[in-house]
Amino acid sequence: MKRFVVGLLVLCLAILFTMPASALDVSATGSYYIAGYYDDNGDLMKNETATGGASNAWYNQRLRVQTTFTVNPALKLVTRFDAMEGIWGGDSGTSSNLGDPTATATDEKNLDFDRVYIEATTEYGMFQVGYQQGAVWGTRFADAESDVPRIKWMGKFGDWLVGAVIEKAREADHGTTSTDNDADKYMALVVNSFEGGKAGLLYVYVDNATYKSLGYNQNAHMLEPYAKVQIGDLYIETEADYWFGDYVTASKEVDLSGLSAYINAKYSFGPAYAGAQIAWVQGDDPSTTDEYEGGPSGFNYDPCLILWNDDLQKWSGHNLGNGLGGNNTGDTMSNAWLYQIYAGYSPIEKLDLFASFTYAKADEKGTAADDEIGSEIDITANYKLFDNLNYLVGFGYFFAGDWYKGATSNEVDDDYIVMNKLTLSF
């Protein structure tokens, strides 16, 4: 009897401990990359000085892992973290140095959990609640991917997808005597899928009272239509972003009205393709102090290896043309027109070759002597070493325009970069 009771107890414990394991499915996806850069003259200065004009070279890396805990097919918990993100042998963005054995900071300071949210699929639609991806819609143009706390609902009705989002942009009154000093976003979206493509519209309302105690308040609206169409071998995508509203300061009220637009067309023929794109982000007219006309934009749109490239500007540590004392450009296209032609070719299955020529000019030149931002030639080769391992090499040359002078008389010089990147995806 004793053996029977013990055996029954062991069996019950075995069942108890195996039930959660069999009910929970865990999967992980992610990537690890190492990138190396040589940037010849990011300051665009004619001569090197004590404050700028020097070349710069570095390696940077990042590990990103997204884990999905599937409780059942309709209920999931999703998390994502970045780790060991930084420059080899340099400051990682925390108090520790990657590769420095004398670093005293704890390991967790180089571990950044970005996202955790619940995803529940019900008969009334799909709900996502928690920190999740934000500022991404339509095409990559004007996207600025971030990790934001929000409640999102999505419903599918035939060929139509509809959704609604409540997002807490900033909590500024918790633990204070202030009330409603918050920044909140409310969104509604609709997407229609049709044969050969899709089209959608996003509406965003921003209620920003973060600095209400200082007499500042912002009420802004944004409309973002987009379309993607495949017609035989021709692919076209386009997006427009219009925002309007006002913000009030302690001394005046400023009207908001900005527009940006983008179109990209690519034609494929066999192992090759060719295309062109045009992008425009409206600039602010300096003569209208009671209006702000700057168009919306985002750093996810990387049309070149140098100009408005998020990775380059982030890891180089300064904006392009920063040493001239005039105008400069960062990781986000703004106040500009961009025209680009490009072509690609795959001579073998594992190799992709790409080349582009880009010309850019300012929409509002302000006090600058010229509106020419410059032109750029980019060439890249991407080779698939394994199914999940890619190696990319690239060369970019930027012919800097006199817009970077601003109102100064400084001489402007060109810049070029050589880069390579090894990416493992899983």
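A few points on the structure. Numbers given to residues run from 1 along each chain, matching the order in which its sequence is written. Reporting of local features is limited, given that this is a predicted model, to residues whose pLDDT is at least 70; pairs of side-chain atoms are given and counted only at 80 or more, and all residues count toward the totals for whole chains, interfaces and linings. Here the side-chain values reflect all heavy atoms present in the structure, with hydrogen atoms and water set aside.

In this section: the environment of T288. Secondary structure follows DSSP: runs of H or I at least 4 residues long count as helices, runs of E at least 2 residues long count as strands, and numbering of each begins at the N terminus. Its place among the elements puts T288 in the loop between β13 (272-281) and β14 (291-292). Separated by 34 residues in sequence, T288 and V254 have C-alpha atoms that sit 9.6 Å apart.

Turning our eyes to something else, we now look at a negative patch on the surface. Patch membership requires over 30% relative accessible area and the absence of a salt bridge. Like charges are linked within 9 Å, and nonpolar side chains (Val, Leu, Ile, Met, Phe, Trp, Tyr) within 5 Å. For the area figures, the Shrake-Rupley method with a 1.4 Å probe applies, and any residue is considered shielded solely by the protein chains shown. Should a side-chain nitrogen of Lys or Arg be within 4 Å of a carboxyl oxygen of Asp or Glu, the pair is scored as a salt bridge. Neither His nor the chain ends is counted toward charge; the positive residues are Lys and Arg and the negative residues Asp and Glu. A charge is said to be at NZ when it belongs to Lys, at CZ for Arg, at CG for Asp and at CD for Glu. On the surface, a cluster of negative charge is contributed by E253, D255, D290 and E291. You can see E253 is positioned in strand β12 (residues 253-269).

The subject of this paragraph is the environment of F244. Checked against the element boundaries, F244 lands in strand β11 (residues 234-248). Judged by its relative accessible area of 28%, F244 is partly exposed. Spatially, the C-alpha atom of F244 lies 5.7 Å from that of A220, the residues being 24 residues apart in sequence. In this analysis, two residues are considered to be in contact whenever any of their non-hydrogen atoms come within 4.5 Å of each other. Not counting residues within four places of it along the chain, the set of residues in contact with F244 comprises N219, A220, H221, L223, L256 and S257. The cut-offs for exposure are 20% and 50% of the maximum accessible area for each residue type, with area from a 1.4 Å probe on protein chains only; residues under the lower value are buried, those over the upper are exposed, and the others partly exposed.

Its place among the elements puts N110 in the loop between β3 (75-87) and β4 (111-122). Distance and chemistry together define a polar contact, namely a pair of N or O atoms within 3.5 Å, with one atom able to donate a hydrogen and the other to accept it when in protein, and with adjacent residues in sequence counting only for side-chain atoms on both sides. Reaching out from N110, the side chain makes a polar contact with the backbone nitrogen of M84 at a distance of 2.5 Å. Engagement of the side chain of N110 in a polar contact is seen with the backbone nitrogen of E85, the distance being 3.4 Å.

Further remarks concern the pattern of salt bridges. A full pass over the atoms with the stated rule returns 13 salt bridges. Among the ionic pairs, R64 bridges to D82, the shortest N-O distance being 2.8 Å. Taken as a pair, R64 in strand β2 (residues 56-72) and D82 in strand β3 lie far apart in primary sequence, 18 residues in all. Owing to a relative accessible area of 5%, D82 belongs among the buried residues under this scheme. The residue D311 makes a salt bridge to K421 at a minimum N-O spacing of 3.9 Å. Taken together, the residues span a long stretch of sequence, with D311 in helix α2 (residues 310-316) and K421 in strand β19 (residues 415-425) at a distance of 110 residues. The class of D311 is partly exposed, set by a relative accessible area of 25%. Among the charged side chains, a network of salt bridges with common partners joins R80, D114, R115, E145 and D147.

Along the chain, L77 turns up in strand β3. Once the C-alpha coordinates of L77 and T67 are considered, the two residues, ten residues apart in sequence, prove to be 8.3 Å apart. Once you skip the residues sitting within four places of it in the chain, L77 turns out to touch T67, T68, F69, V116, Y117 and I118.

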